[in-house]
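# Fold and contact review
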Amino acid sequence: VYGPRGRPDMAPFKFIDRVSRGLELQQFGDGSSSRDYTYIEDIVDGVVRAIDRPYPYEVFNLGKGSGTSLKEFISIVEKHVGHKAMIKILPDQPGDVPYTCADVSKAYDLLGYQATVPFDEGIRRTVQWYTDEYEKNICSEIEPETQANGMGRAPSFAEITQAVRA
């Protein structure tokens, strides 16, 4: 799930931020891996559709229902940010799967759910938020690399506790 105010440790925010600031982007593998990135508006639509339905208990997969390759992802970010990414190609990460995608057929059948925001449009909206809000009002105070699970890692509670005791 991605979109405005998204988590800084997730690929959409991280890629937009790093390309915008001219920082290196790490690409694991040849760029053919694919993920089902879903815009927040589509997830909210699915959750709203599940409220007050005649189903006492059901589990629904919500997602876009189609994958976007890493190469395509980076290209779309470059297009909307207006800068070329500085890419460092690294080996595949152990355990990383080549393709993931949500099967949304049950949500479609029972809720009428279908994602409507194409990935390109969702990234455009997210870049617009980043430029209008984050870059001007937040980025000057916080660097994503210092946040938990960013490119660098913020210290854990255990590490802070150990440092205080030392």
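Please refer to the structure placed before this passage.
Residues numbered from 1 in each chain as written. Predicted model: local features only at pLDDT ≥ 70, side-chain atom pairs only at ≥ 80, totals over all residues. Heavy atoms only, no water.

It is worth spelling out the pattern of salt bridges at this point. Evaluation of the coordinates by the stated rule reveals ten salt bridges. For Asp 96, the salt bridge is made with Arg 35, and the minimal N-O distance between the two is 2.6 Å. Placement of the pair is Asp 96 in the loop between β4 (86–90) and α4 (105–111) and Arg 35 in strand β2 (residues 34–35), with a sequence separation of 61 residues. Look at Arg 35 and you get buried, because its relative accessible area is 18%. Of the charged contacts in the structure, one is a salt bridge between Glu 121 and Arg 124, with a shortest N-O distance of 2.8 Å. Taken together, the positions of Glu 121 and Arg 124, both in helix α5 (residues 119–138) and three residues apart, correspond to about one turn of that helix. The exposure class assigned to Arg 124 is partly exposed, which follows from its relative accessible area of 35%. Shared partners join several salt bridges into a network, and the residues in it are Glu 41, Glu 121, Arg 124 and Arg 125. (Salt bridge = Lys/Arg side-chain N within 4 Å of Asp/Glu carboxyl O. Helix = DSSP H or I, 4+ residues; strand = E, 2+ residues; numbered from the N terminus. Buried < 20%, exposed > 50% of the residue type's maximum accessible area, 1.4 Å probe, protein only.)

With that out of the way, let us pick up the packing of aromatic side chains. Tallying each qualifying case throughout the model produces nine aromatic pairs. Here the aromatic rings of Phe 13 and Trp 129 are separated by 6.3 Å at their centres, their planes lie at 55°, and the arrangement is tilted. Linking Phe 13 in helix α1 (residues 11–20) with Trp 129 in helix α5, this pair joins segments that are 116 residues apart in sequence. A residue is classified by how much of its surface remains accessible, and Phe 13, at 5% relative accessible area, is buried. A network of ring pairs unites the aromatic residues Tyr 2, Phe 15, Tyr 37, Tyr 39, Phe 73 and Phe 119 as a single cluster. When the ring centre of Phe 60 is taken as reference, the NZ or CZ atom of Lys 106 above it lies at 5.5 Å. (Phe/Tyr/Trp six-rings, centres within 6.5 Å; stacked < 30°, edge-to-face > 60°. Lys NZ or Arg CZ within 6 Å of the ring centre and 35° of its normal.)

Moving on: unusual backbone geometry. For Arg 5, which is not glycine, the phi torsion reads 65° and is therefore positive. Checked against the element boundaries, Arg 5 lands in the segment before α1. We note that Asp 52 has phi near 60°; this positive angle belongs to a residue other than glycine. In this fold, Asp 52 is placed in the loop between α2 (40–50) and β3 (68–69).

Function-wise, these values are silent; they only describe arrangement.
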